[in-house]
Each structure stands twice: as structure tokens, then as C-alpha cells.
Amino acid sequence: MGTLVRFDPFREFSAIQRQMSRLFDEVFGRSGGAALQDLSMASAFAPPVDLWEAPDAYYLRAEVPGVTKDDLQVEVSDGALVIRGERKIGDRLEKEQWLRQEGAYGAFYRAVTLPGAIDADKIQARVQHGVLEVIVPKAEEARTRVIPIAA
């Protein structure tokens with residue numbers, strides 16, 4: 001049989017406030033107005049991002065088809081992982097006449113707020129087959145620990 005959980009409106013409000021803060025951080029960045037300039041760089045191309053947590057690290061995967069390692073930049077700033085890049089059309093396609101263009105091209109910017117303390121010196125990133133993978137190790141104090149219970 002399940003356990004009854006008492007409804008606490010303040011806890012619910014706090015959870016909504018945290019979610020709204022994360023949303024605003026992702027859209028506008030933590031630096032306020034300066035991040036709006038970065039947002040104006042964004043084009044129709046915004047790579048989809050997956051973020052998940054393991055006991056020792058956060059893992060991010062972004063789909064960046066047609067973007068090379070040289071056209072990507074990954075940085076961490078004020079608790080957010082920032083991905084900048086550009087998806088280029090290519091020389092040949094710029095000179096030809098388009099019959100249909102469904103792909104999105106141009107500069108892009110994504111900022112993902114990380115939920116806990118990280119070890120920024122040990123972040124690893126690689127791009128392979130159009131997928132950017134970033135491993136963000138947690139700081140030692142943020143890792144989950146099992147505490148032995150004395151008898």
C-alpha cells in the first residue's frame with residue numbers, strides 16, 4: 001500500500017519557482033542583458049539537447065549534424081553549460097540556386113543550467129557523427145555518498 005504524502009502548497013510553489021528560474025536561465029542566461037545579445041545570434045537552428053545525471057557526472061548530448069569540431073565552442077559559466085556554434089551551408093550551396101531549403105543554418109547558442117556543483121577542470125567534450133557529447137564531472141561535495149550507520 002502506498003504512503004500518503006501531505007499536500008504542502010509552499011513546497012509546490014517552491015518547486016514551480018525553481019523550474020521557472022531554470023527556464024529563464026536557459027532562455028536568457030544568468031547574466032541578464034548580456035545574454036540577450038547572444039540570443040540574437042541564434043537562428044532557426046537550435047540543436048536539440050539531452051541532459052542526464054549519473055552519480056558521478058552530468059552527461060549532455062546535442063545533435064549538431066553538419067557542424068565540425070572547429071565550428072563548436074563549449075564553455076561553462078556560472079553554473080551553466082554553454083554551447084555555441086555555427087552550421088554552415090557550404091561554398092557550393094551558396095553559389096547554386098535553391099529549389100528547396102528545409103535545413104536550418106547559421107549561428108546558434110544553447111545554455112543549459114546544471115543542477116549542482118561541478119569540477120570544471122575535468123569536463124570532456126567530443127563531437128562524432130554529428131553528435132556533441134559532453135561529460136561534466138560533479139564536484140566531490142556534490143556526489144552522492146552512502147553513509148554507514150553505526151550500531
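These numbers come from a predicted model, not from an experiment.

### Overview of the pairing of strand S2 (residues 57-63)
As paired strands, strand S1 (residues 49-53) and S2 are joined by five bridges and run antiparallel to one another. Paired with Leu51 across the strands is Leu60, a residue of S2. In textbook terms, the turn of a hairpin is the stretch between consecutive antiparallel strands, and for S1 and S2 this stretch comprises three residues. Across seven bridges, S2 lies against strand S7 (residues 131-137) in antiparallel orientation. Following the sheet pairing, Ala57 is matched in S7 by Pro137.

### Some details on the pairing of strand S3 (residues 72-77)
Judged from the six bridges that link them, S3 and strand S4 (residues 80-87) form a sheet pairing that is antiparallel. Paired with Ser77 across the bridge in S4 is Ala80.

So, how was this worked out
- Per-chain numbering applies: the sequence of each chain, read as written, is numbered from 1 onward.
- Since the coordinates come from a predicted model, pLDDT governs what is reported: local features require at least 70, and pairs of side-chain atoms require 80 or more to be given and counted, while whole-chain, interface and lining totals use all residues.
- As a rule here, side-chain values cover all heavy atoms of the structure and leave hydrogens and water aside.
- Only when DSSP finds a minimum of two bridges between them are two strands counted as paired.
- Here a helix means four or more residues in a row that DSSP labels H or I, a strand means two or more in a row labelled E, and each is numbered from the N terminus.

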